[in-house]
Amino acid sequence: MKLTKKQQTWKNLDTDKVYALADAIEVLREYASKKFDETLEIAIRLGIDVTKADQNIRGMLSLPNGTGKSVRVAVFTENAADEAKNAGADVVGAQDLIDSVAAGNINFDRVIATPDMMPKMSKIARVLGPKGLMPNPKLGTVTNNVADAVKTAKAGQIEYRAEKRGIIHAGIGKMSFATDKLVENAIALIDQLKKVKPASSKGQYILGVSVATTQGPGLKVDAK
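Because the structure is a prediction, the values reported are computed rather than measured.

Trainee: Hey, could you run me through the overall build of the protein chain in this one?
Mentor: Regarding its fold elements, the protein chain presents seven helices and ten strands. With respect to the principal axes defined by its C-alpha atoms, the protein chain has extents near 55 × 45 × 35 Å. Counting the 224 residues in the protein chain, one finds 45% classified as buried. Within the protein chain, residue pairs in contact and separated by at least 24 positions form 72% of the contacts whose partners lie at least 6 positions apart. Placing the 33 positive and 25 negative side-chain charges of the protein chain at their respective mean positions leaves the two points 6 Å apart.

Trainee: Sorry, what's going on with helix α7 (residues 179–195) here?
Mentor: The α-helix advances 3.6 residues per turn, and as a result positions three or four apart in sequence lie on the same side. Here α7 contains 17 residues, and its C-alpha end-to-end distance of 24 Å stays within 8% of the 24 Å for a straight helix at 1.5 Å per residue. Buried residues in α7 make contact with α2 (21–29), β2 (39–46), β3 (58–62), β7 (157–161), β8 (167–174) and β9 (206–213).

Trainee: Looking at this model, I keep getting lost on the sheet that holds strand β6 (residues 110–113). Mind explaining?
Mentor: Where strands meet in a sheet, backbone hydrogen bonds hold them as pairs that are either parallel or antiparallel. One open sheet accounts for three strands, arranged β5-β4-β6; its pairing is parallel. Two strands in the sheet have a free side with no partner beyond their single neighbour: β5 (91–93) and β6. When strand polarity is set aside, the average angle formed by the axes of neighbouring strands in this sheet is 15°. Pairing of strand β4 (residues 73–76) with β5 involves three bridges; the strand directions are parallel.

Trainee: Would you explain the sheet that holds strand β1 (residues 18–19) in this entry?
Mentor: Strand order in the open sheet formed by five strands is β1-β10-β9-β2-β8, with mixed pairing between adjacent strands. With partners counted over all chains shown, the strands left at the sheet margins are β1 and β8, one partner each. Pairing between β9 and strand β10 (residues 218–221): four bridges, direction antiparallel. In the sheet register, valine 209 faces β10, and the bridge partner there is valine 221. Against the sheet, α7 touches β2, β8 and β9, its axis set at about 150° to β8.

Trainee: Whenever I open this one, the packing of α2 against α7 confuses me. Can you help?
Mentor: What describes two packed helices is the angle between their axes and the distance between those same axes. Between α2 and α7, whose axes approach to 10 Å, the crossing angle comes to 125°. As the angle between them shows, α2 and α7 are arranged oblique. Read as a crossing pair, α2 and α7 show a hand that is right-handed. Along its contact with α2, which presents Leu21, Ala22, Ile25, Glu26 and Arg29, the element α7 presents Thr179, Leu182, Val183 and Ala186. When the residues that make up the contact of α2 with α7 are grouped by side-chain class, the tally is six nonpolar, one polar and two charged.

Trainee: Just checking my understanding: could you explain α2 for this structure?
Mentor: Of the positions making up α2, those classed as buried are Leu21, Ala24, Ile25, Val27 and Leu28. Summarising the axial view, the buried residues of α2 lie within an arc of 160°, below the 170-degree limit, and thus occupy one face. Looking at the buried side of α2, the elements it contacts are β1, β2, α7, β9 and β10.

Trainee: Help me understand the environment of asparagine 56, please; the structure alone is not making it clear to me.
Mentor: Mapped onto the secondary structure, asparagine 56 falls in the loop between β2 and β3. Classification of asparagine 56 by relative accessible area gives partly exposed; the value is 40%. Sequence separation of asparagine 56 and arginine 161 is 105 residues, and the distance between their C-alpha atoms is 7.8 Å. Excluding its chain neighbours within four sequence positions, the residues that come into contact with asparagine 56 are Val50 and Ala162.

Trainee: Help me understand the nonpolar core, please; the structure alone is not making it clear to me.
Mentor: A general trend in soluble globular proteins is that nonpolar side chains are found buried together. Judged by nonpolar contacts, the single largest core of 36 residues is most densely connected at Ile42, Ile44, Leu46, Leu189 and Leu193. Every element with two or more residues in this core is listed here: α2, β2, β7, β8, α7, β9 and β10. Sorting elements by how many residues they give to this core places α7 first, with six residues. Membership of the second largest hydrophobic core comes to 16 residues, among which are Ala74, Val101, Ile124 and Leu133.

Trainee: I keep staring at the confidence of the model for the protein chain and nothing clicks. Help me out?
Mentor: Detailed reading of the predicted coordinates is not advisable wherever pLDDT falls low. With 95% of its residues at a pLDDT of 70 or more, the protein chain has an overall mean of 91. The secondary structure element of the protein chain with the lowest average pLDDT is helix α1 (residues 5–10), at 52, and the one with the highest is β4, at 98. Here residues 1–5 is a poorly scored stretch, pLDDT under 50, and it has three contacts once near neighbours within four places are set aside; other chains count.

Reading the values: the criteria
Residues numbered from 1 in each chain as written. Predicted model: local features only at pLDDT ≥ 70, side-chain atom pairs only at ≥ 80, totals over all residues. Heavy atoms only, no water. Helix = DSSP H or I, 4+ residues; strand = E, 2+ residues; numbered from the N terminus. Buried < 20%, exposed > 50% of the residue type's maximum accessible area, 1.4 Å probe, protein only. Contact = heavy atoms within 4.5 Å. Lys, Arg positive; Asp, Glu negative; His and termini not counted. Charge placed at Lys NZ, Arg CZ, Asp CG, Glu CD. Expected span 1.5 Å × (residues − 1). Pairing = 2+ DSSP bridges. Axes fitted to C-alpha atoms, helices over the stretch in contact; angles between N-to-C directions. Parallel < 35°, antiparallel > 145°, perpendicular 65-115°, else oblique. Left-handed = near helix turned anticlockwise from the far one by under 90°. Nonpolar A, V, L, I, M, F, W, Y, C, P; charged D, E, K, R; others polar. Arc of directions from axis to C-beta. Core = buried A, V, L, I, M, F, W, Y, C linked by side-chain atoms within 4.5 Å. pLDDT = per-residue confidence, 0-100.

This is the structure we're talking about:
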């Protein structure tokens, strides 16, 4: 099979080796794009069964060093519009915003809503849900305190969610970050996952960790 140009660049890289996290990041820097600031992506495979409701891990986490990504926040509210705007929300509205989303206009990355808006938002649940944007009280995105929610989202909060095979994928910072800052973000996510380990999950919990840049190769990392 003919290798792509990128694969030819990576062919001497030992992708079977298990690296210390900081070492893996340094190796990935050699292969990172010079054209744009790539994101460091982490994949954490957990010993869980997501078909069981109590093992379907999902939550929010504020990374200690942020993500380096600009996040557009939409707030659905009737009575806290000024509060949301003053906190830095990019899009604010009520029924008008619902109608806009229903028409296919989605120009935001995170959604926050006040509780009174949730019954009305059922109209767009099928639009926002598949994109992971539907507000959820358990994630703190359905709240009357929209100012704090907006500021937290803007400051570098990420959502983590176990996919079908129990794998958590998350962007934990930009490659322009210092290595120790990326390591701190990774450790914060791993520590958070340990805190929310389901009581019904038996045996080894963290089965594997790997990191990669947006367009780069993936490297295995020592989970310890």
